Structure formats: structure tokens, C-alpha cells
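Residue-level structural notes
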Amino acid sequence: MHYWVCHGHVRGAEIEVWPPFPLIAASRLAHRDHPIEEVEGVETKEKESELDSIVSGEVVHHFFAYATSSGRATELADAHARELVAR
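Okay, so let's go over this structure. For every chain, the first residue of the written sequence is number 1, and numbering continues from 1 along that sequence. Two thresholds apply to this predicted model, a pLDDT of at least 70 for residue-level local features and 80 or more for giving and counting side-chain atom pairs, whereas whole-chain, interface and lining totals are computed over all residues. Calculated side-chain values reflect all of the structure's heavy atoms, with hydrogen atoms and water omitted.

**A closer look at the pattern of salt bridges**
Counted as salt bridges are all cases of a side-chain nitrogen of Lys or Arg within 4 Å of a carboxyl oxygen of Asp or Glu. Scanning the entire structure with this criterion turns up six salt bridges. The closest approach of N and O atoms between Arg 11 and Asp 52, which form a salt bridge, is 3.1 Å. Here Asp 52 lies in helix H3 (residues 46–56) and Arg 11 lies in strand E1 (residues 3–11), a separation of 41 residues in the sequence. Across the pair Arg 87 and Glu 83 runs a salt bridge, and its minimum N-O distance is 3.3 Å. One connected set of salt bridges, linked through shared partners, spans Arg 11, Asp 52 and Glu 58. Secondary structure elements follow DSSP: runs of H or I of four or more residues count as helices, runs of E of two or more count as strands, with numbering from the N terminus.

Here it is, written out as C-alpha cells:
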């Protein structure tokens, strides 16, 4: 089993989520040391978001969603993006 990561960003009301890809080496380490509950979820990229917002003059949010399947990673990324737009 691999962990998958899906990168996305929200710029204003525009959502962009890229196709997920496997984290092969990280998967072996994560399975050895951490249960899935500690790994699955969304990581916000605050510094990248802040810098992009300053440069573009728009509110921008960057994030990564991690899961044990490509579909679940995409689902988490889409849900997080919709939540950001709804704020």
C-alpha cells in the first residue's frame, strides 16, 4: 500500500486540484512508524499561501491532501478547497 498526495490551491473562488501521485519511499516509513489516522488528512502550506497572496494581490491557499488511495486524496483535496471557498 502507498500513500498518495494531491496538491491543490484556491485563488479567490477558483479551485485547482492536481492529479494525485504516490509517495513510495514515504509510504514505507509512514506504515512502519504511524497508523493511517496520523497520516491521512490535509496539510496547509501557510508560507506559500502568504507569499502567493502578497504577489498576486488575491487571497490564495495552497495545500496537500494525503491518503492511502488516489481517490481518497482527491476527495480530501476537493472537500478542503470547497471549504476554503465557502469561508
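**Looking at the environment of Glu 40**
Mapped onto the elements of the fold, Glu 40 is located in the loop between helix H2 (36–39) and strand E4 (41–44). Taking relative accessible area as the criterion, Glu 40 reaches 28% and is therefore assigned partly exposed. Separated by 25 residues in sequence, Glu 40 and Ala 65 have C-alpha atoms that sit 7.5 Å apart. When residues no more than four places from it in sequence are discounted, the contact partners of Glu 40 are Tyr 66, Ala 67, Thr 68, Arg 72 and Leu 76. Partly exposed residues are those whose accessible area sits between 20% and 50% of the maximum for their type, while under 20% is buried and over 50% is exposed, using a 1.4 Å probe and protein chains only. Residue contacts follow a heavy-atom distance rule, with two residues in contact if any of their heavy atoms lie within 4.5 Å.

**Focus on the environment of Val 10**
Relative to the helices and strands, Val 10 resides in strand E1. With relative accessibility at 1%, the residue Val 10 sits in the buried group. Separated by 50 residues in the primary sequence, Val 10 and Val 60 have C-alpha atoms spaced 5.6 Å apart. Residue contacts for Val 10: discarding those within four places in its chain leaves Ile 15, Val 59, Val 60, His 61, Phe 63, Ala 81, Leu 84 and Val 85.

**Quick look at the pairing of E1**
Two strands make a pair as long as DSSP finds a minimum of two bridges between them. One ladder, built from three bridges, connects E1 with strand E3 (residues 21–23); its direction is antiparallel. When the bridges of E3 are listed, Val 5 appears paired with Phe 21. By the bridge criterion, eight bridges tie E1 to strand E5 (residues 60–67) in an arrangement that is antiparallel. The residue bridging Val 10 from the neighbouring strand is His 61, located in E5. Where E1 lies against strand E2 (residues 14–17), four bridges are found, and the strand directions are antiparallel. Paired with Gly 8 across the bridge in E2 is Val 17.

**Points about the side chain of Ser 53**
Within the secondary structure layout, Ser 53 lies in helix H3. From its side chain, Ser 53 meets the backbone nitrogen of Val 60 in a polar contact 2.9 Å long. When near neighbours in sequence (up to four residues on either side) are disregarded, Ser 53 contacts Glu 58, Val 59 and Val 60. Side-chain atoms alone can form a polar contact between residues adjacent in sequence; in general such a contact is a pair of N or O atoms within 3.5 Å, and within protein one must be able to donate a hydrogen while the other accepts it.

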